[in-house]
Amino acid sequence: MLENKKIIVALGGNAILSDDPTAQAQIEAIRNTCEKLVQLVGHNNQLIISHGNGPQVGNLLLQQQLADSEKNPALPLDTCVAMTEGSIGYWMQNEMSSILKKQEINKSVVSLITRVEVDQNDPAFTHPTKPIGPFLTEIEVAEASQDGAKYIEDSGRGYRKVVPSPKPVGIVEVDTVKQLVENDVITISCGGGGIPVIKSDNGYTGIEAVIDKDFASKKLAEQVEADLFIILTAVDNVYINFNKPNQKKLEEVSIDELKQYIEEGQFEPGSMLPKIQAAVEFVESSNNGTAIITSLDNLGNLHEGAGTVVKKNDSLKVSNS
Ligand SMILES: Nc1ncnc2c1ncn2[C@@H]1O[C@H](COP(=O)(O)OP(=O)(O)O)[C@@H](O)[C@H]1O
Ligand SMILES: NC(=O)OP(=O)(O)O
């Protein structure tokens, strides 16, 4: 059982949506996720939840393009990120608070529109890499790319629009997140990677990009000094030689071992690589923190060592000896 831990859980796409993009289906997926996440509540744990928004923000951009551009002009990407952070956070807040009530757990839950500072000179602004929105066929891409956007083939699943994805420099609302968790409030923060902003004379200004939620969650985990950073995705474990006959499941793994696998090109840049990099960077920068990459269904088995558990090199040696 996990206890006395400050935990950040980053939720992947499968935890917040299915093939059906309706609001109702997304709410159902979130309800199912919250029913599992509630296992982490209590036992003196402090819980922070973050989530992705790649499919949702891409769909919202498409809706913007369909509107009359004069009477109802499209909103910029940073605002679309804020809108999806708001809508997903609202659904999650609603579902989580009903579950807490049903289980007679007296805790509040809040979703915080979180701004995340980025560097306007980040090379990502001239090299878009973050896939968003629906998967398209080659013919659909030929029509869609007339808008000047860039599309890439995404891990054999079809083509997707890509947008700039700068690295997070800092979480603007970090002090508020700390106050909330210290007051035992379950806090949803950095949804959709947070809203990308740059420092300006009067504070911050939005900039068009989508921050990777694994990197934003890692930055938040570092800044709140989390004990445990859990990245939930569709697989129970990370594999090397993934989907090949000689694939091997990674269970307890050191950061040095993972760095070696990164160098060998074992992880896909558009899917598993950012999770591995976020996990390695968090564990490396923290005093005693652990990162776990696993599935939602495995949450109840974490105390038995389920998932891919990333630790510092020396703490592995101690536990293995
Ligand atoms: N080496 C690997 N080990 C395990 N899964 C991998 C690996 N490489 C790619 N994947 C795939 O990457 C997926 C996670 O990436 P993605 O779906 O983009 O993340 P998210 O869950 O945050 O939406 C996994 O569900 C799996 O299908
Ligand atoms: N913002 C973000 O990283 O979203 P996805 O996890 O859905 O790609």
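Residues numbered from 1 in each chain as written. Chains lettered and ligands numbered in written order. Predicted model: local features only at pLDDT ≥ 70, side-chain atom pairs only at ≥ 80, totals over all residues. Heavy atoms only, no water.

Under an unreviewed UniProt entry, the chain has the name Carbamate kinase and belongs to Paraliobacillus ryukyuensis. Under the UniProt heading Pathway (unreviewed entry), the note attached to the chain is "Metabolic intermediate metabolism; carbamoyl phosphate degradation; CO(2) and NH(3) from carbamoyl phosphate: step 1/1." (UniProt positions renumbered as here; feature names shortened; annotations may be inferred.)

Quick look at the overall build of the chain now. A tally of helices and strands in the chain yields nine helices and 17 strands. Against the compact-globule benchmark of 20 Å for 321 residues, the chain has a radius of gyration of 19 Å, which places it among compact chains. Put simply, the chain has 321 residues, and 50% of those count as buried. Partitioning the contacts of the chain with sequence separation of at least 6, the portion at a separation of at least 24 is 74%. Total accessible area on the chain is roughly 15,500 Å²; 47% of this is exposed by carbon and sulfur atoms. With 28 positive and 44 negative side-chain charges, the chain shows a separation of 3 Å between the mean positions of the two kinds. (Helix = DSSP H or I, 4+ residues; strand = E, 2+ residues; numbered from the N terminus. Rg over C-alpha atoms; globule rule 2.2 N^0.38 Å. Buried < 20%, exposed > 50% of the residue type's maximum accessible area, 1.4 Å probe, protein only. Contact = heavy atoms within 4.5 Å. Areas by Shrake-Rupley, 256 points an atom, 1.4 Å probe, with all protein chains shown as cover. Lys, Arg positive; Asp, Glu negative; His and termini not counted. Charge placed at Lys NZ, Arg CZ, Asp CG, Glu CD.)

Bringing the confidence of the model for the chain into the picture now. Overall, the predicted model of the chain reaches an average pLDDT of 94, with 98% of residues at or above 70. Among the scores for the predicted complex, ipTM is 0.98 and pTM is 0.95. (pLDDT = per-residue confidence, 0-100.)

In the vicinity of ligand 1, 16 residues are found, and the nearest of them are G13, K213, T233, Y239 and K275. One of the side-chain nitrogen or oxygen atoms of K213 is found 2.7 Å away from an oxygen atom of ligand 1. Relative to its free-state accessible area of 580 Å², ligand 1 is covered by the protein chains to the extent of 81%. Counting residues per element, the ones that place at least two in the shell around ligand 1 are β13 (238–240) and α8 (272–285). (Near = heavy atom within 4 Å. Polar contact = N/O pair within 3.5 Å; in protein donor to acceptor, adjacent residues only side chain to side chain.)

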